[in-house]
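# Tertiary structure, described
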Amino acid sequence: MLTIRNERLLTNSMVILRLFIGWHFLYEGIIKLYNPDWTSLGYLASAQGPFRSFFISLTSDSMIGIADWGNKMALIFVGMTLLLGVFEKWGALVGALLLALYYLAHPSFPWLTEVNVEGNYWFVNKNLIEFMVCVVIYQLPTSHNFGLQRLFDKKKEVLTQTN
């Protein structure tokens, strides 16, 4: 059993972590949305690891537009949910899935030459770290403390008390 010494500090830290991760996702999504030249083609085409063939299949002419659009929308969805504090668990889940896909496209395994990635990693890279942050946000949601969800919760409280 976990003993929390300062629950308020933990909650505030989780809110800030949620906001930072949300900002990162939203920023990445908006930058990609407003850049007409952006495409995931290079990232997908240089995929490595055991799921390489899956990611390469997404580079076909019929799939790349869908992959690009889905990536942008998922980034914006995750960013908005985490920043606004509404549907936070859904945002964390979609974020974790997206980051898992990023990691599997370019796993930081020591026996693979790292291509089309920033930095040098050994198993753990920034995608895996943010993946774990999304898992923690999913398990310790804070939108009822700070976010739009708090407004919805208050409306439920008022409706329950009047009935």
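For the structure itself, consult the block above.
In this report, the structure presented in the accompanying data block is examined. (Residues numbered from 1 in each chain as written. Predicted model: local features only at pLDDT ≥ 70, side-chain atom pairs only at ≥ 80, totals over all residues. Heavy atoms only, no water.)

## Examining a nonpolar patch on the surface
The grouping of Phe-51, Phe-54, Leu-97, Leu-101 and Leu-104 at the surface amounts to a nonpolar patch, some 440 Å² of accessible area in total. Broken down by element, the residue count for the nonpolar patch peaks at three residues, all from helix α5 (residues 88-105). Take Phe-51: it is sitting in the loop between α2 (41-45) and α3 (52-57). On the accessibility criterion, Phe-51 (40% relative accessible area) is partly exposed. (Patch = residues over 30% accessible without salt bridge, like charges linked within 9 Å, V, L, I, M, F, W, Y side chains within 5 Å. Areas by Shrake-Rupley, 256 points an atom, 1.4 Å probe, with all protein chains shown as cover. Salt bridge = Lys/Arg side-chain N within 4 Å of Asp/Glu carboxyl O. Helix = DSSP H or I, 4+ residues; strand = E, 2+ residues; numbered from the N terminus. Buried < 20%, exposed > 50% of the residue type's maximum accessible area, 1.4 Å probe, protein only.)

## Comments concerning the packing of helix α1 (residues 7-33) against helix α6 (residues 126-139)
α6 packs onto α1 with a crossing angle of 130° between their chain directions and a minimal axis gap of 11 Å. Relative to α6, the element α1 lies oblique. The chirality of how α1 crosses α6 is left-handed. Taking contact as the criterion, the partners of Met-14, Leu-17, Arg-18, Ile-21, His-24 and Phe-25 in α1 are, on α6, Glu-130, Val-133, Cys-134, Val-136 and Ile-137. A breakdown of the residues in the contact of α1 with α6 according to their chemical character gives eight nonpolar, one polar and two charged. (Axes fitted to C-alpha atoms, helices over the stretch in contact; angles between N-to-C directions. Parallel < 35°, antiparallel > 145°, perpendicular 65-115°, else oblique. Left-handed = near helix turned anticlockwise from the far one by under 90°. Contact = heavy atoms within 4.5 Å. Nonpolar A, V, L, I, M, F, W, Y, C, P; charged D, E, K, R; others polar.)

## Quick notes on the pattern of salt bridges
With the rule as written, the count across this model stands at one salt bridge. The partner of Glu-28 in a salt bridge is Lys-32, and the shortest N-O contact between them spans 2.7 Å. Highlighted residues: Glu-28 and Lys-32, both in helix α1, separated by four residues, approximately one helical turn.

## Structural notes on the packing of aromatic side chains
Aromatic ring pairs are defined here through the distance separating the ring centres and the angle between the ring planes. One pass over the structure, following the stated rule, counts five aromatic pairs. Residues Phe-109 and Phe-123 carry aromatic rings whose centres are separated by 6.2 Å and whose planes lie at 55° to one another, so their mutual orientation is tilted. Of this pair, Phe-109 sits in the loop between α5 and α6 while Phe-123 sits in the loop between α5 and α6; the two residues are 14 residues apart in sequence, bridging distant segments of the chain. On the basis of relative accessible area, Phe-109 is assigned to the buried category, the value being 19%. Seen from their ring centres, Trp-122 and Phe-123 are 5.1 Å apart, and the 70° between their planes marks the pair as edge-to-face. According to the relative accessible area criterion, Trp-122 is exposed, its value standing at 63%. (Phe/Tyr/Trp six-rings, centres within 6.5 Å; stacked < 30°, edge-to-face > 60°.)

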